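Topology and contacts: notes
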Amino acid sequence: MEKKELIREIERLKLEKDALILAHYYVDGDLQEIADFVGDSYALAKKAVSSQKKRIVFCGVKFMGESAKLLNPDKEVFLVDKDALCPMAEMITGKDIEAYRKKYPDLCVVTYINSTAETKAHSDVCITSSNALKIVKKIQADNILLCPDKNLGTYIKSQLEEDLKDKNVIIHDGYCHVHEDFTYEAIQEAKEKHPNAPVLAHPEINPACYDLADYIGSTSGILKEAREREEEEFIICTEKGILHQLQKDSPNKKFYFTDLEQLCHDMKKLNLEKLRDCLRDDLNEVFLDEDIMEKASQPLKKMLEMAE
Ligand code: 13P
Ligand code: SF4
């Protein structure tokens with residue numbers, strides 16, 4: 001089927017099924033174009049809550065669809081590809097968290113939204129890269145666990161040094177392979193090729209590279225920075241799917257990536273055909289155990305409250 005025809009079919013099905021299509025900046029550009037809303041993890045969670053539609057269809061990885069379901073138990077939430085997972089989300093379990101809790105009875109468990117529903121059910125509050133600093137600053141407990149991403153944890157700790165100086169901050173050992181694999185040398189090389197281009201980086205990148213960054217923030221933070229800064233060219237250190245929105249937002253600016261070509265293969269599993277099939281055949285609805293729903297929705301609600 002021709003792309004144009006496929007897009008028409010998706011538009012028709014979207015109306016017929018009363019669906020809101022949400023997409024993350026890392027998915028294929030065609031999906032970002034057809035989505036009703038494209039955003040970072042925090043904006044997507046908020047959008048899911050404010051939607052009046054009967055159905056939410058998520059162009060993103062599993063934890064994103066699960067989070068939408070946890071925040072909207074009465075809505076039908078669907079994933080375009082049920083096999084698109086975030087490997088980092090699997091790097092901590094509820095059992096691991098309970099082991100930390102045994103060691104530190106007053107522990108506040110701060111969990112990146114890139115986590116499974118089971119992990120969230122053992123957590124106190126969720127964060128995303130765009131609200132983490134605001135939320136962690138407000139935490140009263142003496143012992144704080146930042147999980148699962150060790151790089152986001154390291155970034156938060158470095159930025160809140162003064163606020164956290166009397167606290168014991170424990171950082172779990174998970175990581176996103178897409179961002180962890182950025183190297184100092186590769187960014188340095190990109191800087192030598194483009195000496196006038198500031199480096200805009202995601203906090204999930206390897207902390208060994210932080211020194212080279214002119215700005216560190218979430219995907220929407222990177223987009224805002226590129227839009228608002230007066231420079232005409234930028235080196236981008238995050239997943240390459242963001243290029244679609246960067247070029248849309250700032251068509252006259254130039255964006256460079258390192259030679260490492262970092263891609264999230266899970267995000268790239270999604271395409272227009274799978275979105276059409278998901279809408280047409282009601283595929284991949286998110287169902288969660290009632291007990292998990294009840295427990296795992298709490299830290300997400302807490303996140304929305306604390307990020308206000
Ligand atoms: P944000 O869009 O919230 O910055 O998250 C990046 C990411 O890795 C999502 O998987
Ligand atoms: Fe997970 Fe990294 Fe892919 Fe985001 S880019 S979904 S953190 S593996």
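In what follows, the accompanying structure is described. Fair warning: this is a prediction, and the values are worked out from it, not measured in the lab. (Residues numbered from 1 in each chain as written. Chains lettered and ligands numbered in written order. Predicted model: local features only at pLDDT ≥ 70, side-chain atom pairs only at ≥ 80, totals over all residues. Heavy atoms only, no water.)

By the element assignment, lysine 17 lies in the loop between helix H1 (3–16) and strand E1 (19–24). A polar contact is formed between the side chain of lysine 17 and the backbone oxygen of leucine 279, at a distance of 3.0 Å. Setting aside its immediate chain neighbours within four residues, lysine 17 contacts Arg55, Leu279, Arg280 and Asp282. (Helix = DSSP H or I, 4+ residues; strand = E, 2+ residues; numbered from the N terminus. Polar contact = N/O pair within 3.5 Å; in protein donor to acceptor, adjacent residues only side chain to side chain. Contact = heavy atoms within 4.5 Å.)

Residues in contact with ligand 1 amount to 13 residues; listed here are only the nearest, His24, Ser41, Ser129, His202 and Thr219. The side chain of serine 129 places a nitrogen or oxygen atom 2.9 Å from an oxygen atom of ligand 1. Taking histidine 202, its side chain carries an N or O atom lying 2.8 Å from an oxygen atom of ligand 1. Out of a free accessible area of 300 Å², ligand 1 has 97% covered by protein chains. When atom positions are compared with the pocket grids, ligand 1 is found to occupy the largest cavity. Tallied by class, residues from the shell around ligand 1 come to four nonpolar, seven polar and two charged. (Near = heavy atom within 4 Å. Areas by Shrake-Rupley, 256 points an atom, 1.4 Å probe, with all protein chains shown as cover. 1 Å grid on protein atoms, 1.4 Å probe; cavity = no way out; pocket = protein on both sides within 12 Å on 5 of 7 lines; lining within 4 Å. Sits in = over half its atoms within 2 Å of the grid points. Nonpolar A, V, L, I, M, F, W, Y, C, P; charged D, E, K, R; others polar.)

This next bit is on the sheet that holds strand E2 (residues 37–39). What the four strands build is an open sheet, ordered E2-E1-E3-E4; its pairing is parallel. What marks the edges here is a single partner per strand, and that holds for E2 and strand E4 (76–79). Recorded for the sheet is a direction-independent mean angle of 25° between the axes of neighbouring strands. For E1 and E2, the ladder comprises three bridges, and the chain directions are parallel. In the sheet register, leucine 22 faces E2, and the bridge partner there is phenylalanine 37. (Pairing = 2+ DSSP bridges. Axes fitted to C-alpha atoms, helices over the stretch in contact; angles between N-to-C directions.)

Turning our attention to empty space enclosed by the protein. For the structure on display, the rule yields three cavities of 30 Å³ or more. In this structure, the largest cavity is lined by 26 residues; those nearest its centre are Tyr26, Asn114, His179, Glu204 and Met267. Secondary structure elements with two or more residues in the lining of the largest cavity: helix H4 (62–71) and helix H9 (177–180). Here the element with the most residues in the lining of the largest cavity is H9; it accounts for three residues. Here the lining of the largest cavity is composed, by residue class, of 13 nonpolar, 10 polar and three charged. Taken as a whole, the second largest cavity encloses approximately 50 Å³ of empty space. Around the second largest cavity, the lining residues are Ser41, Leu44, Ala45, Phe58, Met64, Ser67, Ala68 and Ile113. Put simply, the parts of the chain that give the lining of the second largest cavity at least two residues each are helix H3 (41–50) and H4. Residue composition of the lining of the second largest cavity, by class: six nonpolar, two polar and no charged. (Points joined across faces, edges and corners; volume = space filled by probe spheres on them.)

Moving on to helix H10 (residues 184–193). Within the span of H10, buried status applies to Ala186, Ile187 and Ala190. Buried residues of H10, seen end-on, are gathered within an arc of 95° and therefore sit on one face of the element. Away from its buried face, by an angle of more than 90 degrees, H10 presents the exposed residues Glu185 and Glu192. Tucked into the core, H10 has its buried residues touching strand E9 (199–201) and strand E11 (233–237). (Buried < 20%, exposed > 50% of the residue type's maximum accessible area, 1.4 Å probe, protein only. Arc of directions from axis to C-beta.)

This paragraph deals with the site of ligand 2. Contacts to ligand 2 come from Tyr26, Val61, Cys86, Pro87, Met88, Asn114, Cys176, Glu204, Cys264 and Met267. Among the detected pockets, ligand 2 sits in the largest cavity. A class-by-class count of the residues in the shell around ligand 2 yields eight nonpolar, one polar and one charged.

Now for the pattern of salt bridges. Using the criterion set out here, one finds 30 salt bridges in the structure. Lysine 269 is the salt-bridge partner of aspartate 266, the closest N and O atoms lying 3.1 Å from each other. By relative accessible area, which is 33% here, lysine 269 ends up partly exposed. (Salt bridge = Lys/Arg side-chain N within 4 Å of Asp/Glu carboxyl O.)

Within the largest apolar cluster, 87 residues are counted, with the highest numbers of intra-cluster contacts made by Val57, Cys59, Val110, Ile236, Leu275 and Met303. No other element matches the six residues that helix H14 (residues 290–306) contributes to this core. Not counting chain neighbours up to four residues away, the residues in contact with leucine 275 comprise Ile10, Ile21, Leu31, Ile34, Val57, Cys59 and Val80. Grouped together as the second largest cluster of nonpolar side chains are 16 residues, Ala190, Tyr210, Leu212 and Ala213 included. (Core = buried A, V, L, I, M, F, W, Y, C linked by side-chain atoms within 4.5 Å.)

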